[in-house]
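# Architecture at a glance
Read off the chains here:
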Amino acid sequence: MIEAQHLSKIYKGRKGSRTAVDDISFSVGEGEFFSFLGPNGAGKTTTIQMMVALLRPTKGTIKIDSLDVVTSPHEVRQRIGIIFQDPSLDDRLTAWENLEFHGRLYGIDAVSRRIRGKFLLEVMGLGDRRDDLVRTFSGGMKRRLEIARGLLHAPRLLILDEPTLGLDPHSRRSVWEHIHRVRKEVGMTVFLTTHYLEEADSSDRVAIINAGKIVAEGTPDRLKKDLSSERLTLEAGQPEDVMKYLLGTYPKLSGRIKKEEQSLSFPMPSGESLSPWDLLRALPFPIREASVRRPNLDDVFIHYTGSELKGQTAEKGEHL
């Protein structure tokens, strides 16, 4: 469904040039749920803008459904539905009027607009609000309406650019419940950009993008298993002394220990035949509490980029 080869976007200005997307290649199969995981400024939105022919690539090619985006932009747009970061609904219209307007722009006949619009509103949990003004909707409801509108013309590919940005956890969960439901109902390819770990974790494959480059790609489980090392978190009265001891004893932990107040978190040292229990027993300092857990996507991101995705909640571990 998507085939990008050596895709780059370079912005040139008076003070020089800036590379937003740096020679990336990826492919997405038909019916696949594919995620771009990365922080703000990583190049995710720029990639989407090239995919939908809003930006022309500086180098490389991108095809959607075997169509070149640069040479066949109109045909490509007929095949995609897109939800941008910024709201694009007319809040002076009702939910149904927003769908009607979108359907007419796409040349959908009245019967198809009525049947498909009713179906999508029901699937997205908005059937009883079809005649209400959008300005009365919550943030999560507006997002669900945008998704319904983006699917009205039966696209083969749904592109979601940070679809839950700015929503509270309950609204985010509600939006994703409806996305998964509609994907199951109608069947389609989904391309997601996000910096929320749990959203990427539910996809079929993930590409981690940082500073315009794809640094890792694979299934969420494969990426986590490739790290292999368990992660140990401990709380100590003298965390600075514990960190100094760990770095002196296990130099490979340099740059990989995360300190927060009285706690330290780090992967088990590679190349060492010891268990978390062995390491804890060897520490010449009292430890108040310790837990161990398997790697998560945050650990994967830190491993490949050297920094963490902010605002993410670590998975709970097994207390020792």
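Anyway, here's the lowdown on the structure attached to this text. (Residues numbered from 1 in each chain as written. Predicted model: local features only at pLDDT ≥ 70, side-chain atom pairs only at ≥ 80, totals over all residues. Heavy atoms only, no water.)

## A closer look at the sheet that holds strand 3 (residues 33–37)
The following threshold applies: Two strands qualify as a pair provided that DSSP identifies no fewer than 2 bridges between them. Only DSSP runs of H or I with at least four residues qualify as helices, and only runs of E with at least two residues qualify as strands; both kinds are numbered from the N terminus onward. Helix axes are fitted to C-alpha atoms over the stretch in contact, other axes to C-alpha atoms as well, and angles between N-to-C directions run from 0 to 180 degrees. Contacts are assigned to residue pairs with any non-hydrogen atoms lying within 4.5 Å of each other.
Ordered in space as 6-7-8-3-9-10, the six strands form an open sheet in which the pairing is mixed. Of all the strands in the sheet, just strand 6 (80–83) and strand 10 (213–218) have a single pairing partner and so form its edges. Between one strand axis and the next, the sheet turns by 15° as a mean value, whatever way the strands run. As paired elements, strand 9 (residues 205–210) and strand 10 share five bridges and run antiparallel to each other. Counted as the bridge partner of Ile-208 is Ala-216 from strand 10. Contacting strand 9 and strand 10, helix 8 (residues 220–227) crosses the sheet at an angle of about 100° to strand 10.

## Remarks on the packing of helix 3 (residues 95–105) against helix 5 (residues 139–151)
Geometrically, a packed helix pair is captured by the angle between its two axes and the distance between the axes. Cut-off, in case you're wondering: Any angle that falls under 35 degrees is termed roughly parallel, while one over 145 is termed roughly antiparallel, one within 65 to 115 roughly perpendicular, and all others oblique. Note: crossing handedness is left-handed where the near helix turns anticlockwise from the far helix by less than a right angle, and right-handed where it turns clockwise. Classification used: nonpolar for Ala, Val, Leu, Ile, Met, Phe, Trp, Tyr, Cys and Pro, charged for Asp, Glu, Lys and Arg, polar for all others including Gly.
At a minimum axis distance of 9 Å, the contact between helix 3 and helix 5 shows a crossing angle of 30°. Judged on the interaxial angle alone, helix 5 and helix 3 are roughly parallel. Relative to helix 5, the crossing made by helix 3 is right-handed. Residues Ala-95, Asn-98, Leu-99 and His-102 of helix 3 lie in contact with helix 5, whose contacting residues are Leu-145, Ala-148 and Arg-149. Here the residues of the contact of helix 3 with helix 5 are counted per class, giving four nonpolar, two polar and one charged.

## Examining the environment of Asp-204
For clarity, the cut-off: Each polar contact in these results corresponds to two N or O atoms within 3.5 Å; when the atoms are within protein, one needs to be able to donate a hydrogen and the other to accept it, and residues that are neighboring in sequence are counted only if both atoms are side-chain atoms.
Relative to the elements of secondary structure, Asp-204 occurs in the loop between helix 7 (197–201) and strand 9. The spacing of Asp-204 and Asp-221 is 17 residues in sequence and 9.5 Å in space, taken between C-alpha atoms. For Asp-204, the residues in contact, after removing those within four places along its chain, are Gly-31, Glu-32, Phe-33, Arg-183, Thr-219 and Pro-220. Here the side chain of Asp-204 touches Arg-183 through a polar contact of 3.4 Å, side chain to side chain.

## Quick notes on the nonpolar core
Here is the rule we go by: Put simply, a nonpolar core is a bunch of buried Ala, Val, Leu, Ile, Met, Phe, Trp, Tyr and Cys residues held in one set by side-chain atoms that sit within 4.5 Å of each other. Accessible area is worked out with a 1.4 Å probe on protein chains only. A residue is then buried under 20% of its type maximum, exposed over 50%, and partly exposed in between.
Leu-145, Ile-147, Leu-151, Leu-158, Leu-160 and Val-182 are the most contacted members of the largest nonpolar core, which has 30 residues in total. Looking at this core, the elements with two or more residues in it are helix 3, helix 4 (110–123), helix 5, strand 7 (157–161), helix 6 (169–186) and strand 8 (189–194). At five residues, helix 5 tops the list of elements feeding residues into this core.

## Looking at the packing of aromatic side chains
The following threshold applies: For this analysis, a ring pair means two rings from Phe, Tyr or Trp (six-membered ring only for Trp) whose centres lie within 6.5 Å, classed as stacked if their planes differ by under 30 degrees, edge-to-face if by over 60, and tilted for the remaining angles. Only when the NZ of Lys or the CZ of Arg is both within 6 Å of the ring centre and within 35 degrees of the ring normal is a charge said to sit over the ring.
Counted by the stated rule, this structure contains eight aromatic pairs. Their ring planes at 25° and their centres at 5.8 Å tell us that Phe-33 and Trp-176 sit as a pair that is stacked. Of the two residues, Phe-33 is situated in strand 3 and Trp-176 in helix 6; the sequence distance between them amounts to 143 residues. Residue classification places Phe-33 among the buried residues on the basis of a relative accessible area of 1%. The exposure class of Trp-176 is buried, given its relative accessible area of 8%. Judged by centre distance (6.1 Å) and plane angle (50°), the ring pair of Phe-34 and Phe-36 falls under tilted. Given a relative accessible area of 0%, Phe-34 falls into the buried group. Residue class for Phe-36 comes out buried when judged on its relative accessible area of 0%. Among the aromatic residues, those joined into a cluster by ring pairs are Phe-26, Phe-34, Phe-36 and Phe-191. Directly above the aromatic system of Tyr-11 lies the positively charged group of Lys-9, at a separation of 5.6 Å from the ring centroid. In this arrangement the basic side chain of Arg-172 is found over the ring face of Tyr-196, its NZ or CZ atom lying 3.6 Å from the centre.

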